[in-house]
Structure formats: C-alpha cells, structure tokens
Amino acid sequence: MGKAASRSSALQARAIATLWRALAGRRLATLWRLARLVGPLVHRFSRREREVTATNLAEVYPDQGADERRRLARQSLTHSAATMLEIGFAWQGAPERVEASILAVHGRELLDEARAEGRGVIVLAPHFGNWEVLNFWLSSHFPFTAMYEPPKIAELDAVTRAGRERMGASLVPTNPRGVAALLKALKRGEAIGILPDQEPDWGSGVFAPFFGRLAYTATLLPKLVARTQARVVTGVARRLPGRGFEIHFLPADARVYATDEAESATGVNACVEAAIALDPAQYQWEYKRYRKVIQEQEGHHEHRRFRIY
C-alpha cells in the first residue's frame, strides 16, 4: 500500500472510530431514527447493496410480489444501517446499558442443559439482527470463543478486537490454529460461535440448499461435532426497533449432527432459514450468499452464465 493510500485508510479508520465513540452513548431510539434516515439513502444511492439485496430476495421469495420485495429490501437495508450505527453501543457503551437493552432471552435452557451435561455448545450466529449484541451477551454469561478475521481497514483492528473481547470473549484466527482453539474450548464444556452463512474458500465447503438454491457452505461444523459431541444451537439478537433486543436460542436442525458433510451443511442452512423466519427484514440480504456455483466446481466451461451476481 502506498503512502497516500495508507494515509487515506488511517483517516477513514479514525473517522469511523470517532463516529462509533460519538454514538456509543446515544439512546437506541435515536440510533433507530438515524437508521430510518440512512437506510433509504443506501437503497437509493448504493447500487451494489440495492441490486444484491433485490437479487437475493427474488431468489428466496419468488412468490412475493415485486412491491412487497422492494418494501422488504428497504426494511432490510434500514436494519443493516441500524447494526452499523449500534456498533459503538455494543462495543463501547456502558456494559450495564447494553445488558439492560436485552429485554428477553429465549431458549437459554438449551445452553444451560448442555453445560450441565459437561458438553460444549456451538452457537450458529447468522448475520441477523445485531450479532455484536449477541456476542456481548454470550461472552458476559459463558466462557466464549469465536473465530475472528481482521477488518479490511487494518487500522480498525484494535478497536474491533477491544469491542468484541471486552466482556471476556476469546478471539482466535480463522486458520488451523483457531480451529484447534475451538476444539479445546468445546472439550472444556465451553461455548463457541460460528458464522454459518459466510461463503468459505474453495475446498472448505460443500454445496447445500439454502432456500432451494445451492449455496457453498462451510464444513467446519461436522468436524467439530464429531470430535467433541457438542450441542448445536442457533443464536440471534433480534432487534426491537428503538427499544432493545431479544436474544433467541433455537434448537438446531437434527441434520447438523450428521457425519455426512453435505447433509450436515443442509442442516446448517436450515438453521439459518429458521432464524430468518423470526423477521426476514433483519437478515443481511446484501451479502452475496450464492456467489459460487456448482458448475464452476465441476469445471463447466460456461459456469459464469449460471451465476446470479
């Protein structure tokens, strides 16, 4: 990176960190009002977010009318804006304020029962609601380990790590050393977090249906389950706009425990679908979940024409 680009990156990081600090003490009602202003602007002026969101929604909800999908797209981008605006609150707000914003926790017994049996817990945490609030709650109440990939803006790494680790979470790298740390945590009967809806690199996943279309899905989960007998749950922090959050822990689809990687991945995607059903507008639809296509893996010479992005 050249000096000019480095200075630009540093200035960008400083501006973002300053914004998070400024918003950390704001009321959630204020942050939601700001999101309702920012979300429509993103929908109107950010072509990439608008088009990817529209493409995904057309793929997963083909029976919805076009107007209904456009309305859902605007709502989704507003919730995504809210998540970004709430980062300062989740990472730097007074811990008692963040804890008080969690108005209910549903399904906690799933974690407590597993730990009482001496089993570790794998929490599948899709990009729904505010996953930083979920991280706050988990690391406040359980020994908790999660994989961590540094942000694209390197200068934000320290801020990000401090925010996610402040309640005791242990962050480990997305490499074999990190996987070894996850295994050790599970064998100690602790909780770990996995992002189930990020597309892995080639060789680290299999194709499995997600809302009826094949999506390349990570195969880390069956490896962890086979070696630890951990319990799997889905966890999300559902936003109650302007008021707070509700934590939901949902029983995993039984297929996640399969030794066959494709069947387990199908179960993982079913878990994500069940979480989305709580409120489809709170899912981050602007992510290119279907970027890889099976025709590319099979060496089809015209695989690009099968892509939807």
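An account of the accompanying structure is given in this report. Residue numbers restart at each chain and count upward from 1, following the sequence in its written direction. Thresholds applied to this predicted model are a pLDDT of at least 70 for local features of residues and 80 or more for the giving and counting of side-chain atom pairs; totals over whole chains, interfaces and linings are not thresholded and use all residues. Side-chain numbers come from the whole structure's heavy atoms, not from hydrogens or water.

Some remarks on the overall build of the protein
We apply this condition: Counting from the N terminus, the helices are the DSSP runs of H or I reaching at least four residues and the strands are the DSSP runs of E reaching at least two. Our radius of gyration is a C-alpha quantity, and the globule rule it is checked against amounts to 2.2 Å times the number of residues to the power 0.38. Whether two residues touch is decided by their heavy atoms; if any such pair falls within 4.5 Å, the residues are in contact. Accessible surface area values rest on a Shrake-Rupley calculation with a 1.4 Å probe, where residue burial reflects the displayed protein chains alone. Charged residues are defined here as Lys and Arg on the positive side and Asp and Glu on the negative side; His and the ends of the chain fall outside this count. Where a charge lies is defined by one atom per residue type, namely NZ (Lys), CZ (Arg), CG (Asp) and CD (Glu).
When helices and strands are tallied, the protein shows 13 helices and nine strands. Relative to the 2.2 N^0.38 estimate, which gives 19 Å for 309 residues, the radius of gyration of the protein is 19 Å and therefore close to what a compact globule would have. Over its C-alpha atoms, taken along the principal directions, the protein stretches across nearly 50 × 45 × 45 Å. Of the contacts made within the protein by residues no fewer than 6 positions apart, 77% connect residues no fewer than 24 positions apart. Split by element, the accessible area of the protein, about 14700 Å² in all, is 52% carbon and sulfur. Across the protein, the centroid of the 43 positively charged side chains sits 7 Å from that of the 33 negatively charged ones.

Thoughts on the pattern of salt bridges
The condition is simple: Note on definitions: salt bridges are taken to be side-chain nitrogens of Lys or Arg within 4 Å of carboxyl oxygens of Asp or Glu. Categorising residues by exposure relies on relative accessible area from a 1.4 Å probe, with only protein chains included: less than 20% of the type maximum marks a residue as buried, more than 50% marks it as exposed, and the intermediate range marks it as partly exposed.
Counted under the stated rule, the structure contains 18 salt bridges. Between E51 and R47 there is a salt bridge, with its nearest N and O atoms 2.8 Å apart. Placement of both E51 and R47 in helix α3 (residues 47-60) is noted, with a separation of four residues, approximately one turn of the helix. Among the residues examined, R47 registers a relative accessible area of 57% and is labelled exposed. A salt bridge links E199 to R291; the nearest nitrogen and oxygen atoms lie 3.4 Å apart. Within this pair, whereas E199 is found in the loop between β5 (191-194) and β6 (205-210), its partner R291 is found in the loop between α12 (261-276) and α13 (294-297), the two being separated by 92 residues in sequence. Among the residues examined, E199 registers a relative accessible area of 12% and is labelled buried.

Topic: the packing of aromatic side chains
The geometry of an aromatic ring pair is captured by two quantities: the separation of the ring centres and the angle between the planes. Our working definition: Centres within 6.5 Å make a pair out of two Phe, Tyr or Trp rings, where for Trp the six-membered ring is used; the pair is then stacked when the planes are under 30 degrees apart, edge-to-face when over 60, and tilted otherwise. In this analysis the charged atom, NZ for Lys or CZ for Arg, is taken to sit over a ring once it is within 6 Å of the ring centre and within 35 degrees of the ring normal.
Inspection of every chain in the model, using the stated rule, returns 12 aromatic pairs. Considering the side-chain rings of W20 and W91, the 5.1 Å spacing of their centres and the 80° angle between planes classify their relative orientation as edge-to-face. A residue pair is termed long-range when its members are at least 10 positions apart, and W20 in helix α1 (residues 3-24) and W91 in helix α5 (residues 87-92) qualify at 71 residues. Within the aromatic cluster, the residues linked to one another by ring pairs are Y61, F210, F211, Y283, W285 and Y290. The ring of Y290 has R213 sitting right over it, with the charged end atom 5.6 Å from the ring centre. The residue whose ring lies beneath R289 is F210, and the NZ or CZ to ring-centre distance is 5.4 Å.

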